[in-house]
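# Structure at a glance
Now for the letters of each chain:
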Amino acid sequence: MDFLMSGLAACGACLFTNPLEVVKTRMQLQGELRAPGTYQRHYRNVFHAFITIGKVDGLAALQKGLAPALLYQFLMNGIRLGTYGLAEAGGYLHTAEGTLSPVRSAAAGALAGVMGAYLGSPIYMVKTHLQAQAATEIAVGHQYNHQIFPPQSWKVALAAAMVSGIAVVLAMTPFDVVSTRLYNQPTDAQGKGLMYRGLLDALLQTARTEGIFGMYKGIGASYFRLGPHTILSLFFWDQLRTVYYTYIK
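In the nomenclature of an unreviewed UniProt entry, the chain is known as Solute carrier family 25 member 35 of Moschus moschiferus. What UniProt states about the chain under its Subcellular location (unreviewed entry) heading is, verbatim, "Mitochondrion inner membrane". Quoted verbatim from the Function (unreviewed entry) field of the UniProt record, the comment on the chain reads "Putative antiporter that exchanges dicarboxylates and sulfur oxoanions across the inner membrane of mitochondria."

## Re the overall build of the chain
The helix and strand inventory of the chain stands at seven helices and zero strands. When its helices and strands are written in sequence order, the chain yields α-α-α-α-α-α-α. What you see for the chain is a C-alpha radius of gyration of 23 Å, clearly larger than the 18 Å of a compact globule of 249 residues, by over 25%. Each of the three principal axes of the chain carries a C-alpha extent, and together these read 75 × 65 × 30 Å.

## Description of the pattern of salt bridges
Any two side chains of opposite charge can pair, given that their charged atoms come close. A full pass over the atoms with the stated rule returns six salt bridges. A salt bridge links aspartate 57 to arginine 26; the shortest N-O distance between them is 2.7 Å. Within this pair, whereas aspartate 57 is found in the loop between α2 (46-56) and α3 (66-89), its partner arginine 26 is found in helix α1 (residues 2-29), the two being separated by 31 residues in sequence. A relative accessible area of 1% places arginine 26 in the buried class.

## What to know about the nonpolar core
Residues Leu8, Cys14, Leu66, Leu70, Ile166, Leu170 and Ile219 are the most contacted members of the largest nonpolar core, which totals 13 residues. Setting aside chain neighbours within four positions, we find isoleucine 166 in contact with Leu8, Cys11 and Tyr223. In terms of nonpolar packing, the next biggest core, distinct from the first, is built from ten residues, Val22, Val23, Tyr43 and Ile53 among them.

## Comments concerning the packing of α3 against helix α4 (residues 102-132)
When two helices pack together, their arrangement is given by the angle between their axes and by how far apart the axes lie. Their axes nearest at 8 Å, the elements α3 and α4 cross at an angle of 170 degrees. If you check the angle between α3 and α4, you find them roughly antiparallel. Per-class residue counts for the contact of α3 with α4 are 18 nonpolar, six polar and two charged.

## Side note on a nonpolar patch on the surface
Together, Val243, Tyr244, Tyr245, Tyr247 and Ile248 make up a nonpolar patch on the protein surface, roughly 590 Å² of accessible area in all. Checked against the element boundaries, isoleucine 248 lands in helix α7 (residues 219-248). Taking the relative accessible area as the measure of exposure, isoleucine 248 reaches 61% and is therefore exposed.

## Some words on helix α6 (residues 199-210)
With twelve residues, α6 should cover 16 Å at 1.5 Å per step; its first-to-last C-alpha distance of 16 Å lies within 8% of that length. Three or more residues of α6 are buried, namely Asp201, Ala202, Leu203 and Thr206.

## Considerations on the environment of alanine 139
When you line up the elements, alanine 139 lands in the loop between α4 and α5 (154-184). Each C-alpha atom of the pair alanine 139 and valine 56 lies 10 Å from the other, and the pair is 83 residues apart in sequence. Alanine 139 has contacts with His42 and Ala134, leaving out every residue within four places of it along the chain.

## Concerning the packing of aromatic side chains
What the rule picks out here adds up to one aromatic pair. Above the plane of the ring of tyrosine 124 lies lysine 127, whose end atom (NZ or CZ) is 4.2 Å from the centre. Above the plane of the ring of tryptophan 237 lies arginine 241, whose end atom (NZ or CZ) is 4.7 Å from the centre.

## Points about α4
Of all the bends found along α4, the most pronounced is centred on serine 121 and spans about 50 degrees, while proline 122, a proline, follows it within four residues. Listing the buried residues of α4 in full gives Ser105, Ala108, Ala112, Gly116, Gly120, Ile123, Lys127, His129, Leu130, Gln131 and Ala132.

## Topic: the environment of cysteine 14
With respect to the secondary-structure elements, cysteine 14 resides in helix α1. For the pair cysteine 14 and alanine 107, spaced 93 residues apart in sequence, the C-alpha to C-alpha distance is 27 Å.

Definitions and limits used
Residues numbered from 1 in each chain as written. Predicted model: local features only at pLDDT ≥ 70, side-chain atom pairs only at ≥ 80, totals over all residues. Heavy atoms only, no water. UniProt positions renumbered as here; feature names shortened; annotations may be inferred. Helix = DSSP H or I, 4+ residues; strand = E, 2+ residues; numbered from the N terminus. Rg over C-alpha atoms; globule rule 2.2 N^0.38 Å. Salt bridge = Lys/Arg side-chain N within 4 Å of Asp/Glu carboxyl O. Buried < 20%, exposed > 50% of the residue type's maximum accessible area, 1.4 Å probe, protein only. Core = buried A, V, L, I, M, F, W, Y, C linked by side-chain atoms within 4.5 Å. Contact = heavy atoms within 4.5 Å. Axes fitted to C-alpha atoms, helices over the stretch in contact; angles between N-to-C directions. Parallel < 35°, antiparallel > 145°, perpendicular 65-115°, else oblique. Nonpolar A, V, L, I, M, F, W, Y, C, P; charged D, E, K, R; others polar. Patch = residues over 30% accessible without salt bridge, like charges linked within 9 Å, V, L, I, M, F, W, Y side chains within 5 Å. Areas by Shrake-Rupley, 256 points an atom, 1.4 Å probe, with all protein chains shown as cover. Expected span 1.5 Å × (residues − 1). Phe/Tyr/Trp six-rings, centres within 6.5 Å; stacked < 30°, edge-to-face > 60°. Lys NZ or Arg CZ within 6 Å of the ring centre and 35° of its normal. Bend = angle between axes of the 7 residues up to and from the residue.

Shown next, in the form of structure tokens:
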């Protein structure tokens, strides 16, 4: 559960921070092994880079490399935090007297970090190659011409649906937990709930009593139920549209 929770949490954050990764990658490659003043600066600062990429490459380019970035975050953070959580749950971080050992904690954190970084490194390389891809007029660094899927491939729709499935689960699980509890709460003779006054009250009580992780109880089951449903729904929708515009319209 620690692996899944930490991996999904990192994926949720990645959806918002990936554009910054694209900007960071290109600014770091700009002027590679060239003296200052001997090359054209396509990206003057972070804000200028955002505007330039959006204007020349299109807004979608700010999410380049999202698929490997999500996989990298899930794998690296899942292994890193999940392994540390397992070590903590197993009591390996405490001394015989039951006190937390800084040395053991540091060692467990370092080992978990090394494992996550080692396994995630190949995916990070692919992510970097994709995020560096740019139109000729603003290209920096070596330009790899990777193409994960052929144009109009059903795999594009499937990959996009898988990403959206993660976003849907992260956004909807708290409301799913609350709705389950609202439906399941005991009622008085008039049918009024005895534990929660409504949606907002249920959200506040759950967060206050059980913390943020209480809002995401059952997230693994939610993804394996809602994830495939979202993936298949979007996949079939895209394929039906393709058939309609190809053979009917």
